[in-house]
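What follows is each chain in one-letter form.
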Amino acid sequence: MSKTMIKENYLEVLKKVNDAAIKSNRKQDDVTLIAVSKTKPIEALKEAYDAGARDFGENKVQEILEKYDKLPKDCRWHMIGHLQTNKVKYIIDKVCMIHSVDSLKLAEVISKEAVKNNITMPILIEVNVADEDTKFGVTTDELDDLVEKISELPGIEVRGLMTVAPYVDDPEENRQYFVILRQLSVDMTNKNPHNNYVTELSMGMTGDYEVAISEGSTLVRVGTGIFGERNYNI
Ligand SMILES: *Cc1c(COP(=O)(O)O)cnc(C)c1O
């Protein structure tokens, strides 16, 4: 893909994100577009940066470390992939949010490293709403207990929920899962007023972000729609 396409793609997706936010009676800044740059080279990220992108999503610790040093310091890095506990220490001072927390063990390590660094790390709990065997994330039944335990840890703050919906041809098929995730976050606040900062919903990818926004998404993670197809064999 030529450089110009990334800029055009980014601006086009951003416009669709903003239009979808307004259509669902929200302000355009209520929804953040995260450019998912995993597997893509630095030049591609710079092109998106020049078009205005500041939020980047990555799923590998090593890639975050390499890209962090090569892009301007006003970029915000979102860890959106499965995170191993022994790697938390490398990214704790580099990412603005970890979207993919799905165990107490991982939360405990994030807490410990955050305290060491004198910061509070905002996190999201990944929920496997469609209950797919292939996906990470807690089940809806496990959610309450995990949130309660994490809320007792220092240096870590549950800010919301995240889900990776199934790959489908018709994005409308995923609406049901976005509805469930939003309802889970409403239930969390109702059950425990301390959870009133649980306001972020990280849901929606290239194929379904407009549907996700219409159901309340606050963070959409778009890769292919901005950077083109990924090649995992290089
Ligand atoms: C790769 C990835 C995305 C982006 O997917 P696209 O379909 O390319 O937009 C979003 N979220 C997560 C967790 C991912 O791993």
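Since this is a predicted model, take the numbers as computed values, not measurements.

## Overview of the overall build of the chain
Link 1 in the chain: For the chain, the count of helices and strands is nine helices and eight strands.
Link 2 in the chain: Its C-alpha atoms give the chain a radius of gyration of 17 Å, near enough to 17 Å, the size a compact globule of 234 residues would have.
Link 3 in the chain: Its C-alpha atoms give the chain principal-axis dimensions of about 50 × 40 × 35 Å.
Link 4 in the chain: Scored against the burial criterion, the 234 residues of the chain give a buried share of 49%.
Link 5 in the chain: When contacts within the chain are restricted to residue pairs at least 6 apart in sequence, long-range pairs at least 24 apart make up 59% of them.

## Section: the site of the ligand
Link 1 in the chain: The ligand sits among Val36, Lys38, Ile80, Met162, Val164, Met205, Thr206, Arg221, Val222, Gly223, Thr224 and Arg230.
Link 2 in the chain: At 2.5 Å from an oxygen atom of the ligand is found a side-chain nitrogen or oxygen belonging to Thr224.
Link 3 in the chain: Notes on the ligand: free accessible area 390 Å², of which the protein chains cover 87%.
Link 4 in the chain: Its atoms largely coinciding with the cavity grid, the ligand occupies the largest pocket.
Link 5 in the chain: By residue class, the composition of the shell around the ligand is six nonpolar, three polar and three charged.

## Brief notes about the packing of helix H6 (residues 140–150) against helix H7 (residues 175–191)
Link 1 in the chain: Between H6 and H7, the shortest axis-to-axis distance is 11 Å and the interhelical angle comes to 35°. You can see that H6 and H7 cross each other, and the crossing is right-handed. Mapping the contact onto sequence places Thr140, Leu143, Asp144 and Val147 in H6 and Ile180, Leu184, Met188 and Lys191 in H7.
Link 2 in the chain: Looking at the contact of H6 with H7 residue by residue, the class counts come to five nonpolar, one polar and two charged.

## Remarks on the pairing of strand E2 (residues 55–58)
Link 1 in the chain: Both faces of E2 are covered, namely the face carrying Asp55 and Gly57 and the face carrying Phe56 and Glu58.
Link 2 in the chain: As paired strands, strand E1 (residues 32–36) and E2 are joined by two bridges and run parallel to one another. Note on E2: the bridge partner recorded for Ala35 is Phe56.
Link 3 in the chain: At this point the chain moves from E1, through helix H2 (residues 42–50), to the parallel E2, and the crossover so formed is right-handed.

## Describing the environment of Asp74
Link 1 in the chain: Tracing the sequence through the fold places Asp74 in the loop between helix H3 (61–70) and strand E3 (76–79).
Link 2 in the chain: With 112 residues separating them along the chain, Asp74 and Val186 place their C-alpha atoms 32 Å apart.
Link 3 in the chain: If we ignore the near neighbours within four places in the chain, the residues touching Asp74 are Tyr49 and Arg54.
Link 4 in the chain: A polar contact of 3.1 Å, which involves the side chain of Asp74, links it to the side chain of Arg54.

## Quick word on the pattern of salt bridges
Link 1 in the chain: Scanning the entire structure with this criterion turns up 14 salt bridges.
Link 2 in the chain: The salt bridge involving Arg159 is made with Glu157; its shortest N-O contact spans 3.9 Å.
Link 3 in the chain: The exposure class of Arg159 is partly exposed, given its relative accessible area of 24%.
Link 4 in the chain: Residue classification places Glu157 among the partly exposed positions, given a relative accessible area of 29%.

## Remarks on the packing of aromatic side chains
Link 1 in the chain: Evaluated as defined, the whole model comprises one aromatic pair.
Link 2 in the chain: Directly above the aromatic system of Tyr68 lies the positively charged group of Lys73, at a separation of 4.6 Å from the ring centroid.

Cut-offs used in this document
Throughout, residues of each chain are indexed from 1 in the direction in which the sequence is written. Totals for whole chains, interfaces and linings use all residues, but because this is a predicted model, local features are given only for residues with pLDDT of at least 70 and pairs of side-chain atoms are given and counted only at 80 or more. As a rule here, side-chain values come from all non-hydrogen atoms in the structure, and water together with hydrogens is ignored. Only DSSP runs of H or I covering at least 4 residues are called helices, and only runs of E covering at least 2 are called strands; the numbering of each starts at the N terminus. The quantity called the radius of gyration is restricted to C-alpha atoms. Its globule counterpart is 2.2 Å times the number of residues to the power 0.38. Burial classes: relative accessible area under 20% of the type maximum marks a residue as buried, over 50% as exposed, and values in between as partly exposed (1.4 Å probe, protein chains only). For this analysis, residues touch if any pair of their heavy atoms sits within 4.5 Å. The criterion for a residue being near a molecule or strand is simple. One of its heavy atoms has to lie within 4 Å of it. Definition of a polar contact: a pair of N or O atoms within 3.5 Å, with one able to donate and the other able to accept a hydrogen when the atoms are protein atoms, and with sequence-neighbouring residues admitted only if both atoms are side-chain atoms. To measure how exposed things are, a 1.4 Å probe is used in the Shrake-Rupley method; for residues, cover is taken only from the protein chains shown. Lining residues are defined by having an atom within 4 Å of a point belonging to a cavity or pocket. Those points lie on a 1 Å grid over the protein atoms alone, cavities being sets where a 1.4 Å probe fits but cannot get out and pockets being open sets with protein on both sides within 12 Å along at least five of seven lines. Each molecule is checked against the cavity or pocket grid, and it sits inside if more than half of its atoms lie within 2 Å of the grid points. Residue polarity is assigned by list, with Asp, Glu, Lys and Arg as charged and Ala, Val, Leu, Ile, Met, Phe, Trp, Tyr, Cys and Pro as nonpolar; anything else, Gly included, falls into the polar class. To get an axis, a line is fitted to the C-alpha atoms, and for a helix only the part in contact is used. The angle between two axes follows their N-to-C directions and goes from 0 to 180 degrees. The crossing is said to be left-handed when, going from far helix to near helix, the turn is anticlockwise and less than a right angle, and right-handed when the turn is clockwise. Two strands form a pair only when DSSP identifies at least two bridges running between them. If the strands point away from the viewer and the path from the first strand over the helix to the second runs clockwise, then the crossover is right-handed. The salt bridge definition used is simple: a Lys or Arg side-chain nitrogen within 4 Å of an Asp or Glu carboxyl oxygen. Stacked, edge-to-face and tilted labels apply to pairs of Phe, Tyr and Trp rings (six-membered ring for Trp) whose centres lie within 6.5 Å, assigned for plane angles under 30 degrees, over 60, and everything in between, in that order. For a ring to carry a charge above it, either NZ of a lysine or CZ of an arginine must fall within 6 Å of the ring centroid while also lying within 35 degrees of the normal to the ring plane.

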